[in-house]
Amino acid sequence: MLLTRLKWDPILTGDLAAEAVRVARDVSNRLTTPQVLSAAVSAANAQTAFPQTVHWAPYSVAQGYSGLALLCSYLDACFPGESWDLKGKHDLENAARGAECIPNLSIGIFSGLSGVAFAAWQLSREGTRYKKLLTELDSAIVPQAMTLAYRIQSNGSAANVGDFDAISGLSGVGAYLLCRRDQPGVREGLFVIAAALAHLLADGSDGLPRWYTPPEQLYDDRMREIYPFGNLNCGLAHGVPSMLAFLSLCLKEDIVSPGLPEALECTTDWLCESRSDDEWGLNWPNAVSIEQVETASGPKLRVADAASAPYGGSRCAWCYGPPGIARALWLAGDALGRSDYREVALEAMYAVFRRPIEVRAIPSPTFCHGVAGLLQIALRFANDSGSPEIAQQCRKLTEQLLARYAPGSLLGFRNLEIADREVDQPGLLDGAPGVALVLLAAASEVEPTWDRLFLLS
């Protein structure tokens, strides 16, 4: 029998909990020391293999002051009276000033206005602070989100993942707006967003889901070579699990549009069936291919067999792979009252932990595609399901993280890029702040509501 807990209980106790907190505090102190932060920003620029995308953007949650403000908000909740709220206020001011310098800044949560707003909300102590800033940000975000939602509904078929995903799209923007759901204008916007995403989850006129990505909208030529007829993205960061997770959270909060429960069931069923299992158990590909077949009436596109996806099953990360998908399935099961969906989610997590560490393919300690992201998902599962096995795996993951602690480095943890390239990344998504947040969550009695950013709660 599955259990659902409401209280947040720390998984770590004793010496392991104390060490996790000590390391998280050390990392946080470094990140909030201006000289160290400046040195890390410069170092990351020089060390990265991806200079076009790895750069400090003050307004950003992913790699900017909004991410540091988010870290400070959780530190303030865990250690009240230590002035973390003041440090967070300083970071939030820097983020807001950075946003003001960018005309027409996007509303995406990881690198746009919704990220600044989410950090402000987390620092606001349930809306008692930063009221004016939050109202101003909401008044900018909601109309743009509604415009995008109406555009999505007017399209006949096919979608750009950046319109609906967690990183840039409406699923991520909606995750913030759910925090503000009691504001009248925000609530109206949420209903419009939910209706648009439920519309996307329905079958298109040609039999393909409306959220299918055509080849011209794939990331680059390499992706178009792999998926010449487009694909169905299965990652929580960029694919259909992001909509599944967000709409499940909407259903729990009575933000329900016509057909939404049915769309959730249909999508959850598709994910449960569209797997690329391996010798350790449940797995999913990064994306399911679209293929072209000849019919009596001419060539037709259809969804290919997931088991034949390029490269097979995915790594075990938040962004892509079983952990992120499993969390979306759990949220759907919780919202729909379907224990069978939650059982599949749990079995997917058990399969993750049956895989040897090297097979999980997440060598970096960081959040997006590293150990910290897997640990945060495991913490949620351990807390929600009461599984002793997953709780034990959380302790093992914590030990794995702490083994990567490098006190001689600038920030204590380095992001591991391709070919073992280490980067002193000060951004939350791929850097030290994300590791510190997860270590605190494992040892604290304060619920890590910050992981709404990642559509985990």
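Residues numbered from 1 in each chain as written. Predicted model: local features only at pLDDT ≥ 70, side-chain atom pairs only at ≥ 80, totals over all residues. Heavy atoms only, no water.

## Things to note about the overall build of the chain
Tallying secondary structure elements over the chain gives 18 helices and five strands in all. A compact globule built from 457 residues would reach a C-alpha radius of gyration of about 23 Å, and the chain, at 21 Å, matches this within 12%. Counting only C-alpha atoms and orienting by the principal axes, one finds that the chain spans roughly 70 × 50 × 45 Å. Counting every position in the chain, which comprises 457 residues, the buried fraction comes to 60%. Considering only intrachain contacts with a sequence separation of at least 6, the fraction spanning at least 24 residues in the chain is 70%. When the accessible surface of the chain is split by element, carbon and sulfur atoms take 52% of a total near 17,600 Å². Put simply, the chain has 37 plus and 51 minus side-chain charges, and the middle of one group is 5 Å from the middle of the other. (Helix = DSSP H or I, 4+ residues; strand = E, 2+ residues; numbered from the N terminus. Rg over C-alpha atoms; globule rule 2.2 N^0.38 Å. Buried < 20%, exposed > 50% of the residue type's maximum accessible area, 1.4 Å probe, protein only. Contact = heavy atoms within 4.5 Å. Areas by Shrake-Rupley, 256 points an atom, 1.4 Å probe, with all protein chains shown as cover. Lys, Arg positive; Asp, Glu negative; His and termini not counted. Charge placed at Lys NZ, Arg CZ, Asp CG, Glu CD.)

## Overview of the pairing of strand S2 (residues 287-295)
Successive residues of a regular strand alternate their side chains across the two faces of the sheet. Sheet topology note: the strand S1 (residues 231-233)/S2 ladder contains three bridges and is antiparallel. Following the sheet pairing, Leu-232 is matched in S2 by Val-288. Two elements, S2 and strand S3 (residues 298-303), share six bridges in a ladder whose sense is antiparallel. Pairing of Thr-295 across the sheet is with Gly-298, part of S3. What sits between the antiparallel neighbours S2 and S3 is a turn of two residues. (Pairing = 2+ DSSP bridges.)

## Some details on unusual backbone geometry
One non-glycine residue, Tyr-130, lies in the positive phi region at around 60 degrees. Turning to its location among the elements, Tyr-130 is positioned in the loop between helix H5 (113-123) and helix H6 (131-154).

## So, the sheet that holds S3
If you walk across this open sheet you meet the three strands as S1-S2-S3, and the pairing is antiparallel. Whereas interior strands pair on both sides, the edge strands pair on one side only; in this sheet they are S1 and S3. Each strand of the sheet is rotated relative to its neighbour by a mean of 25 degrees, with strand direction disregarded. (Axes fitted to C-alpha atoms, helices over the stretch in contact; angles between N-to-C directions.)

## Overview of the pattern of salt bridges
Counted by the stated rule, this structure contains 24 salt bridges. Its salt-bridge partner being Arg-275, residue Asp-277 comes within 2.8 Å of it at the nearest N-O pair. Its relative accessible area of 39% is what places Asp-277 among the partly exposed residues. We classify Arg-275 as partly exposed; its relative accessible area is 24%. Here Glu-291 and Arg-302 are joined by a salt bridge, their closest N and O atoms 2.6 Å apart. On the criterion of sequence distance, the pair formed by Glu-291 in strand S2 and Arg-302 in strand S3 is long-range, its members being 11 residues apart. On the accessibility criterion, Arg-302 (43% relative accessible area) is partly exposed. (Salt bridge = Lys/Arg side-chain N within 4 Å of Asp/Glu carboxyl O.)

## Notes on the side chain of Ser-66
Mapped onto the fold, Ser-66 is located in helix H3 (residues 65-78). Apart from the residues within four sequence positions on either side, Ser-66 is in contact with Pro-58, Tyr-59, Ser-60, Val-61, Ala-95, Gly-115, Val-116 and Ala-119.

## Observations regarding helix H4 (residues 84-100)
Counted at 1.5 Å a residue, the expected span for H4 with its 17 residues is 24 Å, and the 24 Å between its end C-alpha atoms agrees. If you check which residues of H4 are buried, you get Trp-84, Asp-85, Gly-88, Asp-91, Leu-92, Asn-94, Ala-95, Ala-96, Gly-98 and Ala-99. (Expected span 1.5 Å × (residues − 1).)

## Topic: the environment of Gly-324
Examined against the element boundaries, Gly-324 turns out to sit in helix H13 (residues 322-336). Taking the C-alpha atoms as reference points, Gly-324 and Pro-241, 83 residues apart in sequence, are found 7.7 Å from one another. Apart from residues no more than four positions distant in its own chain, Gly-324 is found in contact with Leu-236, Ala-317, Trp-318 and Ile-377.

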